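# Geometric and topological summary
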Amino acid sequence: MIHKLKELYRGATPIQSLVTYYALATVAAFILLSLPCFKNPGAKISFLDTLFMAVSTISVTGLTTFPIEQVYNQGGVVLLEFLFQVGGFGITMLSTVALVIAGKRISLHQRQLIQFDMNQPRLSGMVRLVTSVFGLMIFVQIVFGVIFAAYFKATGVWTTWPTAFFHGIYVSVSSVTNAGFDVTGNSIIPFRHHYGFLFIVMILIIIGSIGYPVLIECENWAFYKFSRQTTKRKFRFSLFAKMAVFFAVFFFIVGTILIYFSEMRGTLSRQDWFDKLMTAMFYSVSSRNAGLQINDMAEFNTTTILILAILMFIGASPSSVGGGVRTTTVGIFILYMFSFIRGHNNINVFNRRIGRDDVQKSIVVVGLSTILCVGGILILSITEDASLLSIVFEVASAFGTTGLSLGITSSLTLVGKIVIMVLMFVGRIGMLYTLLFFIPKRNRDLSYELPTEKIIIG
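### Considerations on the packing of aromatic side chains
Per the counting criterion, the structure on display carries 25 aromatic pairs. Plain terms: the ring middles of F30 and F47 are 5.0 Å apart, the flat faces sit at 70° to each other, and that makes the pair edge-to-face. Here F30 is found in helix α2 (residues 14–34), whereas its partner F47 is found in helix α3 (residues 47–58), with 17 residues between them in sequence. The exposure class assigned to F47 is exposed, which follows from its relative accessible area of 58%. Relative to F274, the ring of W273 has its centre 5.7 Å away and its plane inclined at 85°; by these criteria the two rings are edge-to-face. Taking the relative accessible area as the measure of exposure, W273 reaches 58% and is therefore exposed. Judged by its relative accessible area of 34%, F274 is partly exposed. Members of the aromatic cluster, each reached through a chain of ring pairs, are F148, Y151, F152, F191 and F197.

Structure follows, in structure tokens:
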């Protein structure tokens, strides 16, 4: 048996190994979440609900079929924070950091796993990238966790320092990892008008969702800019970093405008212009992965719900804590459509040409993701006693690993829970990697081309 497992491991592609690791992490999370020591006295949840919770934590989604505060104690919440880190940072990053701390050698296979997990084009510099990202993210979580704790204590939200520190760290970790799990029953609704607090939370969500390579390039740029050493070589951001930032800003602005005008005469009608703008900005950021909310989602009108569903479907940037189709994927898809309409054969942006293989991958990912979500909606529309709008919102939230819901998660049927779990898992590892998981290692493209023949399109 062990011999056969070793043969399967040697014959697996890096992507197959990576997906298997995430599946094993989900199993481990399920076992830990099932332990009585992490639950409140008398709290009982079913096998399927615990598995649902495990998938949701490893995929850092935030959807739950039961109130967390009623089931898990403080130890359970700390366990959830740890699982957020596992799902947010990724299995390979945490294992690599552990090996580096232990002084162990990082094998070539491990470096390949890092490359695929972080979606990097080159194998060189993987260990440095991982350690730099890990250090930066942990530093951000601790610093802002302390800031939140001091804020909670100063405003009287929590009266004791241990409680304030506990919740401060949780909000910081939840924001950076884009987990969005609600352990109080009110998310961050009590802070709806605390604009400074909301602004910092938005910054932390962006840090987690912008993409690890972008963070490292910004760090390198800062060292280059403020270093006293003079160098003739000019610093240049990669095309990925430029596109990730551009489309993150683009979708943020478009989302803010659409939400603002959609709710101008609805939920936001009684608020002043600044409050309206902050609410629209917050949901434009949070809906694309974090899942934190500052009001009841049922208060929004149908148009706003559909806008949020689209933003959740798009998701965060690649190589980040977020899921969904990913911003650069949708961005390339949009650029391709505009280039095709204008009769251009190539997509040129930021003085660079995007490769045809990247364009093909984007089209495939957008197409398959749409088919997967539509399939999920069709299945849930048969099995669930809920409105179509609620189902569309739930599917988009699961695939985008966001965690927002219109309240149907707890009432999902057996089939509904399985469908949502599949969507959460696929949304976390990515549609492309899910497809490549089923391609064997020895499968190769044909070395010859068949004759071309035109067909009628449109």
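Now that the structure has been shown, the text picks up again.
### Quick look at helix α9 (residues 161–176)
Between its first and last C-alpha, α9 extends 22 Å over 16 residues, near the 22 Å set by a 1.5 Å rise per residue. Of all the 16 residues making up α9, twelve are buried; the element is thus mostly covered by neighbouring parts of the structure. Looking at the packing, one finds that the buried side of α9 touches α5 (74–89), α8 (126–155) and α10 (195–209). Remark: N178 follows α9 within two positions and exhibits a positive phi of approximately 60°.

### Digging into helix α12 (residues 239–262)
One turn of the α-helix equals 3.6 residues, which is why residues spaced by three or four share an orientation. Given a rise of 1.5 Å per residue, 24 residues ought to cover 34 Å, and the 34 Å separating the end C-alpha atoms of α12 matches this to within 8%. Looking at α12, one finds that the buried residues are A241, M243, A244, F247, A248, F251, G255, T256, I259, Y260 and S262. Looking at the buried side of α12, the elements it contacts are α11 (212–226), α13 (273–286), α14 (302–314), α15 (327–341) and β1 (348–349).

### Some words on the environment of G427
Mapped onto the elements, G427 comes out in helix α18 (residues 414–429). Residue classification places G427 among the buried residues on the basis of a relative accessible area of 0%. Residues G427 and V325, 102 residues apart in the sequence, show an inter-C-alpha distance of 7.5 Å. Residues contacting G427, with those up to four places away along its chain left out, are G323, G324, R326, F399 and T401.

### Examining the packing of α2 against α5
Contact pair α2 / α5: the axes reach a minimum separation of 11 Å and the direction vectors enclose 175°. When the interaxial angle is binned, α2 and α5 end up roughly antiparallel. Counted together, A29, L32 and L33 of α2 and L79, L80 and L83 of α5 form the full contact between these two elements. Taken together, the residues that form the contact of α2 with α5 break down as six nonpolar, no polar and no charged.

### Details of the side chain of S362
As for its placement among the helices and strands, S362 is situated in helix α16 (residues 356–383). Judged by relative accessible area, S362 falls into the buried class, the value being 5%. In this structure, S362 is in contact with T329, I332 and F333, ignoring residues within four places of it in sequence.

### A short note on the side chain of S284
Inspection of the secondary structure puts S284 in helix α13. One polar contact links the side chain of S284 to the main-chain carbonyl oxygen of F252, over a distance of 2.8 Å. Apart from the residues within four sequence positions on either side, S284 is in contact with F251, F252, G255, T256, I259 and L311.

### Overview of a nonpolar patch on the surface
On the surface, a nonpolar cluster with roughly 440 Å² of combined accessible area is contributed by V245, V249, I253, I257 and F261. Relative to the elements of secondary structure, I253 occurs in helix α12.

### Comments concerning the nonpolar core
Within the largest apolar cluster, 55 residues are counted, with the highest numbers of intra-cluster contacts made by M137, F197 and F282. For this core, the element with the most residues is α8, which contributes eight residues. Once you skip the residues sitting within four places of it in the chain, M137 turns out to touch F89, V176, I207, G208, Y212, L215 and V321. One finds A25, F30, L33 and A179 within the second-largest nonpolar core, a separate group that totals 34 residues.

About the cut-offs
- Residues numbered from 1 in each chain as written.
- Predicted model: local features only at pLDDT ≥ 70, side-chain atom pairs only at ≥ 80, totals over all residues.
- Heavy atoms only, no water.
- Phe/Tyr/Trp six-rings, centres within 6.5 Å; stacked < 30°, edge-to-face > 60°.
- Helix = DSSP H or I, 4+ residues; strand = E, 2+ residues; numbered from the N terminus.
- Buried < 20%, exposed > 50% of the residue type's maximum accessible area, 1.4 Å probe, protein only.
- Expected span 1.5 Å × (residues − 1).
- Contact = heavy atoms within 4.5 Å.
- Axes fitted to C-alpha atoms, helices over the stretch in contact; angles between N-to-C directions.
- Parallel < 35°, antiparallel > 145°, perpendicular 65-115°, else oblique.
- Nonpolar A, V, L, I, M, F, W, Y, C, P; charged D, E, K, R; others polar.
- Polar contact = N/O pair within 3.5 Å; in protein donor to acceptor, adjacent residues only side chain to side chain.
- Patch = residues over 30% accessible without salt bridge, like charges linked within 9 Å, V, L, I, M, F, W, Y side chains within 5 Å.
- Areas by Shrake-Rupley, 256 points an atom, 1.4 Å probe, with all protein chains shown as cover.
- Salt bridge = Lys/Arg side-chain N within 4 Å of Asp/Glu carboxyl O.
- Core = buried A, V, L, I, M, F, W, Y, C linked by side-chain atoms within 4.5 Å.

Any functional reading would require information beyond the geometric quantities listed.
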